[in-house]
Amino acid sequence: MIRRIHLLKLLYQYRAMGFEYFKEYKPVITEPQSNFSLPNQMDILKEDVHRCHLCELSKRRKNVVFGEGNPHAKLMFIGEAPGASEDESGKPFVGRAGELLTKIIENVLGLKREDVYIANIIKCRPPENRVPSMDEVSACKPYLLKQIKMVNPSIIVALGSTSFHHLTGEYDTPISKIRGEVLNFGDAKLIPTFHPSFLLRNPTSKKEVYADMLKVKGML
Ligand code: URA
């Protein structure tokens, strides 16, 4: 990923020098994928992500929404993608859905928002809040996986189907069938539940999320 960022920078420099066209780029030395790694420090990873142009979403974003919270949190929430308020502020879950998530964290789990870590499957807002494409997720997910590795939470809550599907690869399982189950995700437990935006449209489903969160609370 970093090599691709460097390559892009190089291409921008060539364009600034007046080059219009380049033959296919073939690196002389090819690193095996296993040797390639993202930074092991959160702030350096964040800087890299802020410079990321690996997908089209980077062209329209106002801000990258890297994620925030306790870098050693036991509990991590993973949503889908930034919306308008998040794109404006650079912070995850700060709009109406975010207010509901914050209430769930404080009132049901008895925690402060700063105690947990909050991120999304992708870090830039898709136009009109559409569901992220597979290409966008493929370009962005390594950053999230690295964040998960660094935070090393014992519990991850996947908020909504996009989050659950892309974290697990279980694209055929509807969130309504799997929510509340405790799944393995590396060393952590993964609990899928409904997305707060879904709850805003379907308030009667709040009781299921309440039950899922009580389960999470019991496991903390
Ligand atoms: N919805 C998400 O999935 N993530 C956000 O950060 C905000 C809304």
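(A) View of the overall build of the protein chain. Helix and strand content of the protein chain: ten helices and six strands. Against the compact-globule benchmark of 17 Å for 220 residues, the protein chain has a radius of gyration of 19 Å, which places it among compact chains. Along the first, second and third principal axes, the C-alpha set of the protein chain runs to 60 × 35 × 35 Å. Here the protein chain holds 220 residues, and 44% of them are scored as buried.

(B) Region of interest: the site of the ligand. Residues in contact with the ligand, as listed here, are Gly79, Glu80, Ala81, Glu86, Pro92, Phe93, Asn120 and His195. One nitrogen or oxygen atom from the main chain of Phe93 is found 2.9 Å from an oxygen atom belonging to the ligand. Side-chain polar atom of Asn120 to a nitrogen atom of the ligand: 2.7 Å apart, as the coordinates give it. In the complex, 92% of the free accessible area of the ligand, which totals 230 Å², lies under the protein chains.

(C) Quick look at the pairing of strand β2 (residues 75-79). With five of five residues buried, β2 is to be regarded as a mostly interior element. Of the two faces of β2, the one lined by Leu75, Phe77 and Gly79 and the one lined by Met76 and Ile78 are each fully buried. The pairing of β2 with strand β4 (residues 155-159) spans four bridges and is classified as parallel. Along β4, the bridge assignment pairs Leu75 with Ile155. Pairing of β2 with strand β3 (residues 117-120), which is carried by four bridges, proceeds in the parallel orientation. The partner of Gly79 across the bridge, within β3, is Asn120.

(D) Spotlight on the packing of helix α5 (residues 96-108) against helix α10 (residues 206-219). Taken N-terminus to C-terminus, the directions of α5 and α10 make an angle of 50°; their axes are 11 Å apart at the nearest point. What the angle tells us is that α5 and α10 run oblique. Note that α5 runs across α10; the crossing there is right-handed. Two secondary-structure elements touch here, α5 through Leu100, Ile104 and Val108 and α10 through Lys206, Val209, Tyr210, Met213, Leu214 and Lys217. Residues belonging to the contact of α5 with α10 are distributed by class as follows: seven nonpolar, no polar and two charged.

(E) The sheet that holds strand β5 (residues 183-185), seen in detail. Read across the open sheet, the six strands follow the order β1-β3-β2-β4-β6-β5; overall the sheet is mixed. The open sheet has two edge strands, β1 (68-69) and β5, and neither has a second partner. Helix α6 (residues 134-151) rests against β2, β3, β4 and β5 of the sheet, and its axis sits at about 170° to β2.

(F) Quick look at the confidence of the model for the protein chain. Of the residues in the protein chain, 90% reach a pLDDT of 70 or more, and the chain-wide mean stands at 91. Taken together, the stretch residues 26-35 has pLDDT below 50 and engages in two contacts with residues farther than four places along the chain or on a different chain.

(G) Summary view of the packing of aromatic side chains. Scanning the model with the defined rule gives one aromatic pair in all. Between Phe194 and Phe198, the aromatic rings sit 4.7 Å apart at their centres with planes inclined by 35°, giving tilted as the arrangement. When its relative accessible area of 26% is taken as the criterion, Phe198 is described as partly exposed. Over the ring of Phe66 we find Lys123, and its NZ or CZ is 5.3 Å from the ring centre.

Conventions used here
- Going along each chain's sequence as written, the residues are numbered from 1 onward.
- Note on the predicted model: pLDDT of at least 70 is required for a residue's local features to be given, and 80 or more for side-chain atom pairs to be given and counted; whole-chain, interface and lining totals, by contrast, use all residues.
- Hydrogens and water molecules were not included; the side-chain quantities draw on all heavy atoms of the structure.
- In this description a helix means any DSSP run of H or I spanning at least four residues, a strand means any run of E spanning at least two, and both kinds are numbered starting from the N terminus.
- All radius of gyration figures rest on C-alpha atoms, and the globule criterion is 2.2 Å times the number of residues raised to 0.38.
- Only protein chains enter the accessibility calculation, which uses a 1.4 Å probe. A residue is then buried if its area is under 20% of the maximum for its type, exposed if over 50%, and partly exposed in between.
- It suffices for a single heavy atom of a residue to lie within 4 Å of a molecule or strand for the residue to be listed as near it.
- Polar contact is the term for a pair of N or O atoms within 3.5 Å; when the atoms are in protein, one must be able to donate a hydrogen and the other to accept it, and sequence-neighboring residues count only if both atoms are side-chain atoms.
- Throughout, the Shrake-Rupley method with a 1.4 Å probe supplies accessible areas, and for residues the shown protein chains are the sole cover considered.
- In this scheme, strands are said to pair when DSSP sees at least two bridges between them.
- Fitting a line to C-alpha atoms yields each axis, with helices limited to the stretch in contact; the angle taken between N-to-C directions then spans 0 to 180 degrees.
- Note on angle classes: values under 35 degrees are labelled roughly parallel, values over 145 roughly antiparallel, values of 65 to 115 roughly perpendicular, and the remainder oblique.
- Helix crossings are classified by the rotation of the near helix relative to the far one: an anticlockwise turn of less than a right angle makes the crossing left-handed, while a clockwise turn makes it right-handed.
- A contact between two residues is defined here by any heavy atoms of the two lying within 4.5 Å.
- Just so you know the grouping, Ala, Val, Leu, Ile, Met, Phe, Trp, Tyr, Cys and Pro go in nonpolar, Asp, Glu, Lys and Arg go in charged, and all remaining residues, Gly too, go in polar.
- The predictor attaches a confidence to each residue, and that confidence, scored 0 to 100, is pLDDT.
- Aromatic rings from Phe, Tyr and Trp, with only the six-membered ring used for Trp, were paired whenever their centres fell within 6.5 Å, and each pair was classed as stacked if the ring planes differed by under 30 degrees, edge-to-face if by over 60, and tilted otherwise.
- The criterion for a charge sitting over a ring is simple: Lys NZ or Arg CZ within 6 Å of the ring centre, and within 35 degrees of the ring normal.

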